[in-house]
Amino acid sequence: MSWHQGPLVGFDLETTGTDVESDRIVTAALVRLEPDGTVSEQRTWLLDPGVAIPEQAAAIHGIGTDHARRHGARAASAVGEIAHAVAEVLRSGVPLVVMNARYDLSLLDRECARYGLDSVEQRIGGVPSPVIDPLVIDKHVDKYRKGKRALQALCEHYGVTLSDAHEASADAVAAVRVVRLMGERHRPVSTLPPTELHALQVRAAAEQSASLQAYLRRTADPAAVVEPAWPVIPRRR
């Protein structure tokens, strides 16, 4: 049975910003979808990130500083729970679906470091795998398609309903449904075992980064650097 016909677990974070080195987790969700599309397990977290949530970020995901402080869990304990739960999924062998994994998994890694916790990598004894990233796969199988590649755009392209964008559970479910349809439409991808699909994405992500870096250096910034690593950006030394 192909990976897209089996159970998949979606993972999503909503955060204080877009910098993996300095921003914080506000909400998180892990959602398991069975082959028939039903949700069989779901875990969600609301954190007090310990810093003010910028208005721009709050406008996107709907969680403001006051709400997070009143109702959110202590960040250190919640981050530990999230890392443990993600590690458990990966140990089980069920593919972890993460839209733009390079961001979410790297930010989780930095949060673990911030609070002196074992990272997902340390918990499982290796790089998080198998991970399936709709963004990387879509760029690989449909390289020259014009338009945006954000989750909402991918949902529109593949015919997936996303009624509550930027709510972590809804985004996690939508990402899983998108990759299932990718598997149905793109047989060369769907026939790969999850471990080989993961390795393909490592190579594809690096190629996509190199292409973007070359474009930026030609058109905007001669010194532009685009991170090639996937699914986790190495920590700065």
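Throughout, residues of each chain are indexed from 1 in the direction in which the sequence is written. Note on the predicted model: pLDDT of at least 70 is required for a residue's local features to be given, and 80 or more for side-chain atom pairs to be given and counted; whole-chain, interface and lining totals, by contrast, use all residues. Side-chain descriptors were evaluated using all non-hydrogen atoms of the structure, hydrogens and water having been removed beforehand.

1. A few points about the UniProt feature "domain: Exonuclease" (unreviewed entry) in the protein
Link 1 in the chain: UniProt positions are given in the numbering used here, feature names are shortened, and annotations may be inferred rather than shown by experiment. In the numbering used here, UniProt assigns the feature "domain: Exonuclease" (unreviewed entry) to residues 7-188.
Link 2 in the chain: Only DSSP runs of H or I reaching four residues or more are called helices, and only runs of E reaching two or more are called strands; each is numbered from the N terminus. As a span, residues 7-188 carries 48% helix and 18% strand, and end to end its C-alpha atoms are 20 Å apart.

2. Brief notes about the pattern of salt bridges
Link 1 in the chain: Any carboxyl oxygen of Asp or Glu within 4 Å of a side-chain nitrogen of Lys or Arg constitutes a salt bridge here. Using the criterion set out here, one finds 11 salt bridges in the structure.
Link 2 in the chain: We note a salt bridge from Glu-21 to Arg-236, for which the minimum N-O separation is 3.9 Å. In this pair, Glu-21 is assigned in the loop between strand E1 (8-15) and strand E2 (25-33) and Arg-236 in the segment after helix H10 (194-219), connecting sequence segments 215 residues apart.
Link 3 in the chain: Burial classes: relative accessible area under 20% of the type maximum marks a residue as buried, over 50% as exposed, and values in between as partly exposed (1.4 Å probe, protein chains only). Using a relative accessible area of 25% as the deciding quantity, one classes Glu-21 as partly exposed.

3. Here we look at the sheet that holds strand E3 (residues 39-48)
Link 1 in the chain: For two strands to pair, DSSP has to find at least two bridges joining them. One open sheet holds the 6 strands; their spatial order is E4-E3-E2-E1-E5-E6, and the pairing between them is mixed. Strands with a single pairing partner mark the edges of an open sheet, and in this sheet they are strand E4 (73-74) and strand E6 (131-132).
Link 2 in the chain: In this sheet, strand E5 (residues 96-97) lies alongside E1 in parallel orientation, the contact comprising 2 bridges. Residue pairing across strands places Val-9 opposite Leu-96, the latter belonging to E5.
Link 3 in the chain: Whether two residues are in contact is decided by their heavy atoms, any of which lying within 4.5 Å being enough. Whenever a helix is involved, its axis is fitted only over the stretch in contact; in every case the axis is a line through C-alpha atoms, and angles between N-to-C directions fall within 0 to 180 degrees. Running at roughly 135° to E1, helix H8 (residues 168-185) makes contact with E1, E2, E3, E5 and E6 of the sheet.

4. Re the packing of helix H6 (residues 134-141) against H8
Link 1 in the chain: Orientation of H6 relative to H8, taken along the N-to-C sense of each, is 25°, at an axis distance of 10 Å. Between H6 and H8, the crossing angle belongs to the class labelled roughly parallel. As for how H6 packs across H8, the hand of that crossing is left-handed. Of H8, the residues touching H6 (which contributes Pro-134, Ile-137 and Asp-138) are Ala-175, Val-178, Val-179 and Met-182.
Link 2 in the chain: Class assignment for the residues of the contact of H6 with H8 results in 6 nonpolar, no polar and 1 charged. Orientation is classified from the angle alone, with under 35 degrees giving roughly parallel, over 145 giving roughly antiparallel, 65 to 115 giving roughly perpendicular, and any other angle giving oblique. Crossings are classed by handedness, with left-handed meaning an anticlockwise turn of the near helix from the far one by less than a right angle and right-handed meaning a clockwise turn. The classification used treats Ala, Val, Leu, Ile, Met, Phe, Trp, Tyr, Cys and Pro as nonpolar, Asp, Glu, Lys and Arg as charged, and all other residues, Gly among them, as polar.

5. Points about the environment of Lys-143
Link 1 in the chain: By secondary structure assignment, the location of Lys-143 is in the loop between H6 and helix H7 (151-158).
Link 2 in the chain: Lys-143 gets classed as exposed once you look at its relative accessible area, which sits at 55%.
Link 3 in the chain: Sequence spacing of Lys-143 and Gln-208 is 65 residues, and the spatial spacing of their C-alpha atoms is 9.2 Å.

6. Let's talk about the pairing of E1
Note on strand geometry: in a regular strand, side chains alternate between the two faces of the sheet.
Link 1 in the chain: Of all 8 residues in E1, 8 are buried; the element is thus mostly enclosed.
Link 2 in the chain: Because side chains alternate across E1, one face comprises the buried residues Leu-8, Gly-10, Asp-12 and Glu-14, and the other comprises Val-9, Phe-11, Leu-13 and Thr-15, equally buried.

7. Re unusual backbone geometry
Link 1 in the chain: A cis geometry characterises the amide bond from Ser-129 onward to Pro-130, with omega recorded as 0°.
Link 2 in the chain: By the secondary structure assignment, Pro-130 is in the loop between helix H5 (120-124) and E6.
Link 3 in the chain: Geometrically, the link from Trp-230 to Pro-231 is a cis peptide bond, its omega value of 5° lying close to zero.
Link 4 in the chain: Position of Pro-231 relative to the elements: it lies in the segment after H10.
Link 5 in the chain: The backbone of Asn-100 shows a phi angle near 55°, a positive value even though the residue is not glycine.
Link 6 in the chain: A positive phi angle, near 70°, is found at His-166, a position not held by glycine.
Link 7 in the chain: Considering the arrangement of structural elements, one finds His-166 in the loop between H7 and H8.
Link 8 in the chain: His-166 sits in the partly exposed class, given a relative accessible area of 32%.

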